[in-house]
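Commentary on secondary and tertiary structure
Listed below are the residues making up each chain.
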Amino acid sequence: MTSPPPPAETAAAENLVIAMDGPSGAGKSSVSRAVAIRLRLRYLDTGAMYRAVTWWMLEHRIDIHDPAAVAAVSDRPRLAVGTDPAEPTIQVDGHDVAAPIRSRAVSAAVSPVAAVPAVRTILVALQREIIGTGGIVVEGRDIGTVVAPHAPVKVFLTANPTIRAQRRTDELRHDPDATVALTEAELARRDVIDSSREASPLARAAD
Ligand code: DC
C-alpha cells in the first residue's frame, strides 16, 4: 500500500523557515511546536542552546559575569540538538541537559552569557547549520533579524508580563521559592539585558 500524499499545506512548507521571536514566557515554544507538528516541520529552540552553554559554564565554574572568561571557553561545549517538535532534545558533551537547563540557576545566568558576542557567533553558525535548507520553525530572540533574516514568515510574539511570569512559574512547580512576583521581577531583569545588549538584542524585525 502506498501512503497518501501529504496535504498541500505541508508540501508547500517543505523548505519553509518560520522565525518566531519574542521575550521569555510569551508562548513561543507552545505555538512553534504546534505549528511545526501541524505543518510537519522540524523545530529548533535556540534559547535552549544558550541555556545549554550556560549550564556548561556553571558546571565548569566559569565566572559568567566576566565576558572575557566566557568568550575564552565559548568553543568548548559540544552541543547536540534534536529537532523533532514532538520530542525536542538537547545534549552537551553527551549529557542530556533538557531538565537542568530549565533550573532557576541557569535562568538567572543565561542573559549575561547570551550577551557575549563570541558565544553568539558560535551558536548562530550552529543554528544556521541546523536550519540548512529549511523546513523548520525556529524560536528565539534574533531569528528574524540575524539568524534567518530572509525567513518568509516572521512572528514576534509577546504577552502581558504577569501572564508570562505565571507561565514560567507553572514550569517551576517543583521549586517552592518560585513565586509569580519573583518570577516577574526576574523576567523584567532579563528583558532589560536581552533588549539592551549590543550583540543582536531582542528586537522586532522591520519586516
Ligand atoms: O527563550 P529562553 O528563555 O529559553 O531564552 C534563554 C535566554 O537566551 C534568554 O535570556 C535570551 C537568550 N536568547 C538569545 O539571546 N537569543 C536567542 N536566539 C534565544 C535566546
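The following paragraphs examine the structure supplied in this document. (Residues numbered from 1 in each chain as written. Predicted model: local features only at pLDDT ≥ 70, side-chain atom pairs only at ≥ 80, totals over all residues. Heavy atoms only, no water.)

**Let's talk about the side chain of Thr 183**
By the secondary structure assignment, Thr 183 is in helix H9 (residues 180-196). Separated by 3.1 Å, the side chains of Thr 183 and Thr 169 make a polar contact. Apart from the residues within four sequence positions on either side, Thr 183 is in contact with Ala 165, Arg 168, Thr 169 and Ala 178. (Helix = DSSP H or I, 4+ residues; strand = E, 2+ residues; numbered from the N terminus. Polar contact = N/O pair within 3.5 Å; in protein donor to acceptor, adjacent residues only side chain to side chain. Contact = heavy atoms within 4.5 Å.)

**Quick notes on the site of the ligand**
In the neighbourhood of the ligand, 17 residues make up the surrounding shell, with Ser 24, Arg 51, Arg 120, Asp 142 and Arg 197 lying closest. Between the ligand and the protein, one listed contact pairs a nitrogen atom with a side-chain N or O atom of Thr 46 at 3.0 Å. Contacts to the ligand include Arg 197, whose side-chain N or O atom sits 2.9 Å from an oxygen atom. Here the ligand has 450 Å² of accessible area as a free molecule, and 99% of this is covered by the chains. Contributions of two or more residues to the shell around the ligand are made by helix H3 (46-59), helix H5 (104-114) and H9. Examining the composition of the shell around the ligand, we find that four residues originate from one element, H3, more than from any other. Class assignment of the residues belonging to the shell around the ligand gives a composition of three nonpolar, five polar and nine charged. (Near = heavy atom within 4 Å. Areas by Shrake-Rupley, 256 points an atom, 1.4 Å probe, with all protein chains shown as cover. Nonpolar A, V, L, I, M, F, W, Y, C, P; charged D, E, K, R; others polar.)

By themselves, these observations are geometric and do not establish any function.
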